[in-house]
Amino acid sequence: MLSIIENAIRNADKRAIVANGKNYTYQQLLDESENFAQLLLKDQNDLNESRVAFMVNPGFDYVKVQWGIWRAGGIIVPMCLTHPLPSLEYVLEDTQANIVVVSPEYEEILFAYTKENNIRLIVLGKEETIQPVALPQIESNRKAMILFTSGTTNKPKGVVTTHDNLEAQISTLVDAWEWNSNDHTICVLPLHHVHGIVNVVSCSLWSGATCEFLPAFSAEEIFNLFLKGSLNVFMAVPTIYYKLITYWESLSEDKQKELTTAMTAFRLMVCGSAALPVSVMEKWKIISGHTLLERYGMTEIGMAISNPYHGERKAGYIGKPLPGVCVKLVNENYEEVSADEPGEILVKGKNVFNEYWNKPEATAKEFTADGWFKTGDVALVEEGYYRIMGRNSVDIIKSGGYKISALEIEEELRKYNGILDCAVVGIPNDEWGELIVSALVVEDKNINVEELNKWLREKMASYKTPRKYLLVDELPRNAMGKVTKNDVKKLFN
Ligand code: MLC
Ligand code: AMP
């Protein structure tokens, strides 16, 4: 039996989830995920790693569907709730999902596509009747999840993790950060990425703790919940801490004091998914009394490096390798660098993903011959603590904690009438980490940028779209004719 289910049985009577003003126990989660697994199975014995995609709002239903798919033997494919149809279609086509589950509000967006493509559409609240069937035995080496990540190819790749990978990712964090059944956390992150799925939801439910959900990010609502006094663990990306600080600064002195008192009582506050600016860490310490625990991870590996729960949390550093995760720094020839030199982070361990879905060449390219995963991030070790120095590729942008491929955006932009060429880059930004901007070579300099943005948002998620455009006569290029992205960045100074 999957460990997360075994743990839930042990905690059956405890409160697992708080969402939309309701409490749900682990027993309810076990019962309803079993029912949902039976619904998925219909007259089959086992979904046998079929992909089940879902667009379900954060809350009890999300976890019920996630566990139900696992218990029926399927692979979960959580989709982004704000992606426009073409991005959703890409996920469904790439994974060849044959079942799609949606909260009622997403039925309309996927109804026609699923009908045309003979995909079974399950709308929560309108489920068919359930035939009681025995659930299959799920071995932990089965594939469990596909998450899409942007890379140095223009289209996102599906990252496949097995139950073994997920269990390794979860258990190392549970031990390192001392998760326990008295914990009560809140998920404010999107649930199609590892930060929300693994670090917040799975770690808390693995531990018998309570996981509360907010439908979407709102600084005001988060602080209102903090004031209630029952939460004690909080995890977010740097942009969220930045936004919370800005909101806190807008409050009256009395309210600020009240909030500081409430936050001081927390057990743990963690930050990651992008570099935590030292200024944000320092301000947060003043307003919350907490030294944020910064950690480093990636969709392909879960979390790999973390500042300590006990011991010094160093500003500007991501910490030390987590137990069970092997890390080394290498040069361009994949040879280990000497102690004071920066190098690319390579990772090995049970936490490391299986493969990119249906992309054996891409998978082979990202691993060394002896099985180390190449993260593409460059780090240096100082007094035992790792510090991120940059990334191997300028085409990968991290904005708001989302990983975004410049190439994917460029490919879409080039399809727009009147755009002759373009170069997308990320420029440093206090709030977003990096801000996506694009230099454009256009036929007619009177191009309507608002219309362009509207058009682009029908093709891709709004968080991927450029915030600034600059019209140029030509893009900066080197002697080989290749666009020099660092020079493009300078154009936005
Ligand atoms: C959104 N907006 C942006 C933006 N994203 N503007 C600039 N840059 C960005 N990146 C704009 C929107 O277009 C919109 O403008 C306005 O901001 C509000 O949009 P929103 O989507 O409603 O934003 P908000 O709700 O405020 O979201 C901000 C956020 C969100 C920080 C809460 O970006 C978020 O949830 N980020 C977390 C992503 C994450 O989980 N990453 C982890 C990946 S896993 P307009 O004009 O449309 O109104 C990983 C591994 C690891 O990285 O180590 O964890
Ligand atoms: P994703 O592919 O969305 O999972 O993003 C993973 C990437 O986020 C990593 O390769 C890093 O570039 C970045 N990242 C995650 N955590 C940190 C951190 N603490 N500091 C700097 N970069 C980080």
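Quick look at the structure, then. (Residues numbered from 1 in each chain as written. Chains lettered and ligands numbered in written order. Predicted model: local features only at pLDDT ≥ 70, side-chain atom pairs only at ≥ 80, totals over all residues. Heavy atoms only, no water.)

**Concerning the overall build of the protein**
Line of reasoning, step 1. Broken down by element type, the protein carries 15 helices and 25 strands.
Line of reasoning, step 2. Against the globule reference of 23 Å for 493 residues, the protein gives a C-alpha radius of gyration of 23 Å, in line with a compact fold.
Line of reasoning, step 3. With respect to the three principal axes, the spread of C-alpha positions in the protein is 65 × 55 × 55 Å.
Line of reasoning, step 4. A total of 493 residues make up the protein; the buried ones form 59% of that total.
Line of reasoning, step 5. If you take every contact in the protein between residues at least 6 apart in sequence, the share linking residues at least 24 apart comes to 65%.
Line of reasoning, step 6. Per element, the accessible surface of the protein, about 21100 Å² overall, is 48% carbon and sulfur.
Line of reasoning, step 7. For the protein, the distance from the average position of its 50 positive side-chain charges to the average position of its 65 negative side-chain charges is 1 Å. (Helix = DSSP H or I, 4+ residues; strand = E, 2+ residues; numbered from the N terminus. Rg over C-alpha atoms; globule rule 2.2 N^0.38 Å. Buried < 20%, exposed > 50% of the residue type's maximum accessible area, 1.4 Å probe, protein only. Contact = heavy atoms within 4.5 Å. Areas by Shrake-Rupley, 256 points an atom, 1.4 Å probe, with all protein chains shown as cover. Lys, Arg positive; Asp, Glu negative; His and termini not counted. Charge placed at Lys NZ, Arg CZ, Asp CG, Glu CD.)

**A closer look at the packing of helix H3 (residues 60-71) against helix H7 (residues 194-206)**
Line of reasoning, step 1. Here H3 crosses H7 at 85°, and the two axes come no closer than 13 Å. The angle between H3 and H7 falls in the class roughly perpendicular. Facing Tyr62, Val63, Gln66 and Trp67 of H3, the residues of H7 in contact are Ile197, Val201 and Leu205.
Line of reasoning, step 2. Grouping the constituent residues of the contact of H3 with H7 by class yields six nonpolar, one polar and no charged. (Axes fitted to C-alpha atoms, helices over the stretch in contact; angles between N-to-C directions. Parallel < 35°, antiparallel > 145°, perpendicular 65-115°, else oblique. Nonpolar A, V, L, I, M, F, W, Y, C, P; charged D, E, K, R; others polar.)

**Focus on the sheet that holds strand E10 (residues 210-213)**
Line of reasoning, step 1. Taken in spatial order, the nine strands make up an open sheet running E2-E1-E10-E9-E11-E12-E13-E14-E15, and their pairing is mixed. The open sheet has two edge strands with one neighbour each: strand E2 (22-25) and strand E15 (320-321).
Line of reasoning, step 2. Pairing of strand E14 (residues 302-306) with E15 involves two bridges; the strand directions are antiparallel. Following the sheet pairing, isoleucine 305 is matched in E15 by proline 321. (Pairing = 2+ DSSP bridges.)

**What to know about the packing of aromatic side chains**
Line of reasoning, step 1. Tallied over the full model, the rule gives 16 aromatic pairs.
Line of reasoning, step 2. Between phenylalanine 353 and phenylalanine 367 the ring centres are 5.5 Å apart and the planes differ by 25°, which places this aromatic pair in the stacked class. Placement of phenylalanine 353 in the loop between strand E17 (343-348) and strand E18 (355-356) and of phenylalanine 367 in the loop between helix H12 (360-365) and strand E19 (373-382) is noted, with a sequence separation of 14 residues between them. As far as burial versus exposure is concerned, phenylalanine 353 and phenylalanine 367 are alike and both buried.
Line of reasoning, step 3. Following the ring pairs from residue to residue traces out a cluster consisting of Phe223, Phe226, Phe234, Tyr241, Tyr247, Phe266 and Trp284.
Line of reasoning, step 4. A cation over an aromatic ring shows up here: lysine 155 above the ring of tyrosine 90, its NZ or CZ 5.5 Å from the ring centre.
Line of reasoning, step 5. Positioned over the ring face of tyrosine 356 is lysine 157, at 4.6 Å from the centre of the ring. (Phe/Tyr/Trp six-rings, centres within 6.5 Å; stacked < 30°, edge-to-face > 60°. Lys NZ or Arg CZ within 6 Å of the ring centre and 35° of its normal.)

**Comments concerning the site of ligand 1**
Line of reasoning, step 1. In the region of ligand 1, 26 residues are neighbours, and Ser273, Arg295, Lys398, Ser399 and Arg457 sit closest.
Line of reasoning, step 2. One nitrogen or oxygen atom from the side chain of arginine 295 is found 2.7 Å from an oxygen atom belonging to ligand 1.
Line of reasoning, step 3. Within the contact set of ligand 1, an oxygen atom lies 2.7 Å away from a side-chain nitrogen or oxygen of arginine 457.
Line of reasoning, step 4. Counting residues per element, the ones that place at least two in the shell around ligand 1 are H7, helix H9 (238-249), strand E13 (293-298) and strand E21 (396-399). (Near = heavy atom within 4 Å. Polar contact = N/O pair within 3.5 Å; in protein donor to acceptor, adjacent residues only side chain to side chain.)

**Re the nonpolar core**
Line of reasoning, step 1. Grouped together as the largest cluster of nonpolar side chains are 113 residues, with contacts concentrated most on Ile17, Trp67, Val101, Leu205, Phe226, Phe234 and Trp284.
Line of reasoning, step 2. Apart from the residues lying within four places of it in its own chain, the contact partners of tryptophan 284 are Phe223, Tyr241, Leu244, Ile245, Met263, Met269, Gly289, His290 and Leu292. (Core = buried A, V, L, I, M, F, W, Y, C linked by side-chain atoms within 4.5 Å.)

**Looking at the site of ligand 2**
Line of reasoning, step 1. Among the 16 residues in the neighbourhood of ligand 2, the closest are listed as Glu294, Arg295, Thr299, Asp377 and Lys398.
Line of reasoning, step 2. At a separation of 3.3 Å, a nitrogen atom of ligand 2 approaches a polar backbone atom of serine 273.
Line of reasoning, step 3. Lysine 398 places a side-chain nitrogen or oxygen 2.9 Å from an oxygen atom of ligand 2.
Line of reasoning, step 4. Mapped onto the shell around ligand 2, the elements with two or more residues apiece are E13 and strand E20 (385-391).
Line of reasoning, step 5. The biggest single contributor to the shell around ligand 2 is E13, with five residues.
Line of reasoning, step 6. By residue class, the composition of the shell around ligand 2 is six nonpolar, four polar and six charged.

**Quick word on the environment of asparagine 232**
Line of reasoning, step 1. Within the secondary structure, asparagine 232 sits in the loop between helix H8 (219-228) and strand E11 (233-236).
Line of reasoning, step 2. We classify asparagine 232 as buried; its relative accessible area is 15%.
Line of reasoning, step 3. Sequence separation of asparagine 232 and leucine 268 is 36 residues, and the distance between their C-alpha atoms is 6.6 Å.
Line of reasoning, step 4. Not counting the four nearest positions on each side in its chain, asparagine 232 is found in contact with Asn182, Asp183, His184, Phe266, Arg267 and Leu268.
Line of reasoning, step 5. Within the local environment of asparagine 232, its side chain forms a polar contact with the side chain of aspartate 183, the two groups lying 2.9 Å apart.

**Let's talk about the pattern of salt bridges**
Line of reasoning, step 1. By the definition in use, this model includes 26 salt bridges.
Line of reasoning, step 2. Linking glutamate 410 and arginine 414 is a salt bridge whose minimum nitrogen-to-oxygen distance equals 3.7 Å.
Line of reasoning, step 3. Judged by its relative accessible area of 40%, arginine 414 falls in the partly exposed class.
Line of reasoning, step 4. The network of salt bridges with shared partners includes Asp395, Glu410, Arg414, Asp421, Arg477 and Lys485. (Salt bridge = Lys/Arg side-chain N within 4 Å of Asp/Glu carboxyl O.)

**Remarks on the environment of cysteine 80**
Line of reasoning, step 1. Positionally, cysteine 80 belongs in the loop between strand E4 (75-78) and helix H4 (85-95).
Line of reasoning, step 2. If sequence neighbours within four positions are ignored, cysteine 80 has contacts with Met55, Leu88, His192 and Tyr463.

**Let's talk about the side chain of glutamate 434**
Line of reasoning, step 1. You can see glutamate 434 is positioned in strand E24 (residues 433-442).
Line of reasoning, step 2. On the accessibility criterion, glutamate 434 (15% relative accessible area) is buried.
Line of reasoning, step 3. Among the polar contacts made by the side chain of glutamate 434, one reaches the side chain of arginine 391 at a distance of 2.7 Å.

**A few points about the pairing of E2**
Line of reasoning, step 1. Sheet topology note: the strand E1 (residues 15-19)/E2 ladder contains four bridges and is antiparallel. Across the sheet, residue isoleucine 17 finds its bridge partner in E2, namely tyrosine 24.
Line of reasoning, step 2. Linking E1 back to E2 in an antiparallel pair, the connection comprises two residues, with asparagine 20 at a positive phi of about 50°.

**Details of unusual backbone geometry**
Line of reasoning, step 1. With a phi angle near 50°, asparagine 20 is a residue other than glycine that sits in the positive phi range.
Line of reasoning, step 2. Tracing the sequence through the fold places asparagine 20 in the loop between E1 and E2.

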